[in-house]
Amino acid sequence: MRALVIDDSRAMRRIVASILEGFGYETRPAGHGREALDVLEEGWVPDLACIDWNMPVMDGLQFVSAVRANPAWRSVTLMMVTTESEHGQIVKALAAGAHEYVIKPFTADAIGDKLALLGLLPTGVPA
Amino acid sequence: MSAPITHLLDGETVTAVAGEVWSALVGEEEFLVPGHDGPVVLGPSAWVTVTGPWNGLVVLTCDEAGTADLTRSVLQMRADEEVTAEDVDDVLRELANILGGNVKSLLPGPSALGLPETGVAPLRAADVDTCRVAASWRGHDLAITIQGATEAPVFTTTEVPQ
């Protein structure tokens, strides 16, 4: 399975990628939404995108809207991974088309639980 | 104008938030030891702005030696790997971002979080509108400062605050 990890922090990209790789994912990083769209446009369409909210150039919410506007990317599951924890923000992200929402700080178990809920835990990996 | 930060948050709550951030990001076995109000911590800072019913900054400052250790820990670097200034900036920014987001969730909302910055943190608030928490990690001094929008009084060299 493939995951695109979108965060302007290299530290956070590394942490999220390391967790996902532990679950058997192949990952690719992107530093903001525009860079992530470039990856999709080049044909690398992931099963999962983990998306930070506050990023320069193109933020996470704009990325979610752009992905949802393109039927070719309908199969991509969108999971916000962000410090934005206000109810209104969560509702806004889900309304734009995000499937799940993880608030930083998180643990590997919390990510595993969300993947299990989404049916995106590769076979043989304990939740 | 919103209430001063000292009416909205106390140091104990900020320490608890920082502890959670530390164990999730720095390491499960890594603990922040609450400190006392000692001398101001000198070293690089990272901060985020909060804009909404409450306006201000959430600032993380760490002593110089601590920033390198912190970066190694967060990035899970080997002892022989070189820590670059870019690595340090990135780690401090992300820690400030997560601290800021979690502090914001405890303040009146809705509000927006700015993108994190690093450098010498601006000192904007008067003491009455500042919540300052001192802590240490592996013997390094750290400070988390939450500054409201009340401007600090400006004294000239001939005026000494009483």
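Residues numbered from 1 in each chain as written. Chains lettered and ligands numbered in written order. Predicted model: local features only at pLDDT ≥ 70, side-chain atom pairs only at ≥ 80, totals over all residues. Heavy atoms only, no water.

Chain B is annotated in an unreviewed UniProt entry as Chemotaxis phosphatase CheX from Klenkia soli.

Per an unreviewed UniProt entry, the recorded name for chain A is Two-component system, chemotaxis family, response regulator CheY, and the organism is Klenkia soli.

I would appreciate a short explanation of the overall build of chain B in the present structure.
What chain B contains, in helices and strands, is four helices and seven strands. Listed by position from the N terminus, the elements making up chain B come as α-α-β-β-β-α-α-β-β-β-β. Looking at chain B as a whole, 46% of its 162 residues qualify as buried. The contacts of chain B with a sequence gap of at least 6 include a subset with a gap of at least 24, amounting to 67%. Accessible surface, chain B as shown: approximately 8,300 Å² in total, 54% of it carbon and sulfur. (Helix = DSSP H or I, 4+ residues; strand = E, 2+ residues; numbered from the N terminus. Buried < 20%, exposed > 50% of the residue type's maximum accessible area, 1.4 Å probe, protein only. Contact = heavy atoms within 4.5 Å. Areas by Shrake-Rupley, 256 points an atom, 1.4 Å probe, with all protein chains shown as cover.)

Any chance you could explain the environment of Tyr25 of chain A here in plain terms?
Residue and element names in this part refer to chain A. Mapped onto the elements of the fold, Tyr25 is located in the loop between α1 (10-22) and β2 (26-30). Along the sequence, Tyr25 and Leu4 sit 21 residues apart, while their C-alpha atoms lie 9.7 Å from each other. If sequence neighbours within four positions are ignored, Tyr25 has contacts with Met1, Arg2, Ala3, Leu20, Leu48, Leu115, Leu120 and Pro122. There is a polar contact of 2.4 Å between the side chain of Tyr25 and the backbone oxygen of Leu120. (Polar contact = N/O pair within 3.5 Å; in protein donor to acceptor, adjacent residues only side chain to side chain.)

Where do I start with the UniProt feature "domain: Chemotaxis phosphatase CheX-like" (unreviewed entry) in chain B in this structure?
Under the local residue numbering, the UniProt record ascribes the feature "domain: Chemotaxis phosphatase CheX-like" (unreviewed entry) to residues 45-117 of chain B. Between the end C-alpha atoms of residues 45-117 of chain B there is a gap of 8 Å, over a span that is 42% helix and 23% strand. (UniProt positions renumbered as here; feature names shortened; annotations may be inferred.)

Any chance you could explain the environment of Ile51 of chain A here in plain terms?
All names here are of chain A. Along the chain, Ile51 turns up in strand β3 (residues 48-51). With relative accessibility at 0%, the residue Ile51 sits in the buried group. Considering only alpha carbons, one finds Ile51 and Arg28, 23 residues apart in sequence, at a separation of 12 Å. Excluding residues that lie within four positions of it along the chain, Ile51 makes contacts with Ile6, Gly60, Phe63, Val64, Leu78, Met79, Met80 and Val81.

Help me understand the nonpolar core in this model?
Looking at soluble globular proteins, one finds that nonpolar side chains tend to be buried together. Formed by 60 residues in total, the largest nonpolar core has its most connected members in Leu20, Leu48, Phe106, Ile111 and Leu115 of chain A together with Leu95 and Ile146 of chain B. Ranked by residues supplied to this core, first place goes to helix α4 (residues 85-104) of chain B with eight residues. If near-sequence neighbours (up to four positions away) are discounted, Leu48 of chain A is found in contact with Arg2, Ala3, Leu4, Leu20, Tyr25, Val76, Thr77, Met79, Leu115 and Leu120 of chain A. Val39, Leu40, Leu78 and Ala98 of chain A belong to the second largest nonpolar core, which has 25 residues in total. (Core = buried A, V, L, I, M, F, W, Y, C linked by side-chain atoms within 4.5 Å.)

Mind showing me how you'd approach the UniProt feature "modified residue: 4-aspartylphosphate" (unreviewed entry) in chain A here?
All names here are of chain A. Sequence positions flagged by UniProt for "modified residue: 4-aspartylphosphate" (unreviewed entry) are, in local numbering, Asp52. Locating Asp52 in the fold gives a position in the loop between β3 and α3 (60-68). When sequence neighbours within four positions are dropped, the list of residues in contact with Asp52 reads Ile6, Asp7, Asp8, Gly60, Met80, Val81, Thr82 and Lys104.

Would you take a moment to explain the packing of helix α3 (residues 64-74) of chain B against α4 of chain B for this structure?
If you want to describe how two helices pack, look at the angle between their axes and the distance between the axes. Residues and elements named next belong to chain B. Two elements in contact, α3 and α4, have axes whose closest approach is 9 Å; the angle formed by their N-to-C orientations is 80°. What the angle tells us is that α3 and α4 run roughly perpendicular. Residue-level contacts link Thr67, Leu70, Thr71 and Val74 of α3 to Asp87, Val88, Val91, Leu92 and Leu95 of α4. Looking at the contact of α3 with α4, its residues break down into six nonpolar, two polar and one charged. (Axes fitted to C-alpha atoms, helices over the stretch in contact; angles between N-to-C directions. Parallel < 35°, antiparallel > 145°, perpendicular 65-115°, else oblique. Nonpolar A, V, L, I, M, F, W, Y, C, P; charged D, E, K, R; others polar.)

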